[in-house]
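# Structure at a glance
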Amino acid sequence: MPEITLSLPAALGLLVLFLTIGAVVVFAATRLLGGGAPNPAEANGTLTPTTTLTLTPTVTPLLTNTPVPTDTPLPPFDYTIGS
């Protein structure tokens, strides 16, 4: 089976080349098929009123007590070593 050995700069260059070719193909396809950004001359926008809700400020306490962990006693248990 044949092997190809490339240096790191050559491999990165080929990667950038393939990505650039792919981006150009996608860009050209969207432009030819009528996609992409709309033409400003053809844009027929309609104005719709929107309402903006304003939030009322809520009062929060400045200092809150942080719960302190407490020791939880474990119940005693029997431990038997068998032989």
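Described below are features of the structure shown in this document.

Thresholds, definitions, all that
- Residues numbered from 1 in each chain as written.
- Predicted model: local features only at pLDDT ≥ 70, side-chain atom pairs only at ≥ 80, totals over all residues.
- Heavy atoms only, no water.
- Helix = DSSP H or I, 4+ residues; strand = E, 2+ residues; numbered from the N terminus.
- Buried < 20%, exposed > 50% of the residue type's maximum accessible area, 1.4 Å probe, protein only.
- Areas by Shrake-Rupley, 256 points an atom, 1.4 Å probe, with all protein chains shown as cover.
- Expected span 1.5 Å × (residues − 1).
- Contact = heavy atoms within 4.5 Å.

### Quick word on the overall build of the chain
Within the chain, the regular secondary structure consists of one helix and zero strands. A buried classification covers 0% of the 83 residues belonging to the chain. On the chain, roughly 9,100 Å² of surface is accessible, and the fraction owed to carbon and sulfur atoms is 68%.

### Side note on helix H1 (residues 8–32)
The terminal C-alpha atoms of H1, which comprises 25 residues, lie 36 Å apart, in line with the 36 Å expected from a rise of 1.5 Å per residue. Looking one or two residues past H1, Gly34 carries a phi angle of roughly 85°, positive in sign.

### Some details on the environment of Leu6
Tracing the chain through its elements places Leu6 in the segment before H1. Overall, the relative accessible area of 47% leaves Leu6 in the partly exposed class. With residues near it in sequence (within four places) discarded, Leu6 still touches Ala11 and Leu14.

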